[in-house]
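For reference, the chains in residue letters:
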Amino acid sequence: MAADQKGDINQLFGQMLTQWEDMSNQFANNFMSTPQFGKTQDAAMAMSLKLRETMHEQMTRFLEAANMPNRDEIAELRGAVGKLDEKLDRIERKLERLAKEDGGSVGPAKGPPRTKKPAAKK
């Protein structure tokens, strides 16, 4: 096949492809501009939202029946744990500051040294 013929075939194919794209775009634009398409799309979106809501309700019921926390409860727990972490950090900083002020380490007050009890005789 000559190079001239390959170029002609490629050019012909390119023209056909361009015409097909133009016709497809025109069909899609005409189809999507109809009121029926808009109504169908609205109905599909409403159905999707209803399905999502129903699935959420069913999952909530399932988790409740299984005595497991739902997403909201986990988020609440996460917040509570975060607050506890902050409180513990504040307490640790205060204890470290007090220990530096006392010049010692944080711990129970030291008393007299303990002695071992003698082993019981048999």
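The preceding data block contains the structure.
Here the structure is a predicted model, which means the values were calculated and not measured.

Draft legend 1. Unusual backbone geometry, seen in detail. Look at N67: it is not a glycine, yet its phi comes out positive at around 55 degrees. Position of N67 among the secondary structure elements: in the loop between α2 (35–65) and α3 (71–102).

Draft legend 2. Focus on the packing of aromatic side chains. Per the counting criterion, the structure on display carries two aromatic pairs. With 6.3 Å between their ring centres and 10 degrees between their planes, F27 and F31 make a pair best called stacked. Highlighted residues: F27 and F31, both in helix α1 (residues 3–32), separated by four residues, approximately one helical turn. Given the relative accessible area of 45%, F31 is considered partly exposed. A network of ring pairs unites the aromatic residues F27, F31 and F37 as a single cluster.

Draft legend 3. Looking closely at the environment of M68. In this structure, M68 sits in the loop between α2 and α3. Classification of M68 by relative accessible area gives partly exposed; the value is 45%. Apart from the residues lying within four places of it in its own chain, the contact partners of M68 are L63 and E73.

Draft legend 4. Quick look at the side chain of N70. Position of N70 among the secondary structure elements: in the loop between α2 and α3. Within the structure, N70 has its side chain in polar contact with the backbone nitrogen of D72 (distance 3.1 Å). Not counting residues within four places of it along the chain, the set of residues in contact with N70 comprises T60 and L63.

Draft legend 5. Geometry of α3. For α3, which comprises 32 residues, the first-to-last C-alpha distance of 46 Å matches the rise-based estimate of 46 Å (1.5 Å per residue) to within 8%. Capping the start of α3 is the job of one residue whose side-chain oxygen sits 3.1 Å from the backbone nitrogen of D72: N70. Taken from the residues just after α3, G103 is the one with a positive phi, measuring 80 degrees.

Quick notes on the rules
Residues numbered from 1 in each chain as written. Predicted model: local features only at pLDDT ≥ 70, side-chain atom pairs only at ≥ 80, totals over all residues. Heavy atoms only, no water. Helix = DSSP H or I, 4+ residues; strand = E, 2+ residues; numbered from the N terminus. Phe/Tyr/Trp six-rings, centres within 6.5 Å; stacked < 30°, edge-to-face > 60°. Buried < 20%, exposed > 50% of the residue type's maximum accessible area, 1.4 Å probe, protein only. Contact = heavy atoms within 4.5 Å. Polar contact = N/O pair within 3.5 Å; in protein donor to acceptor, adjacent residues only side chain to side chain. Expected span 1.5 Å × (residues − 1).

No statement about biological role is implied by the geometric values presented.
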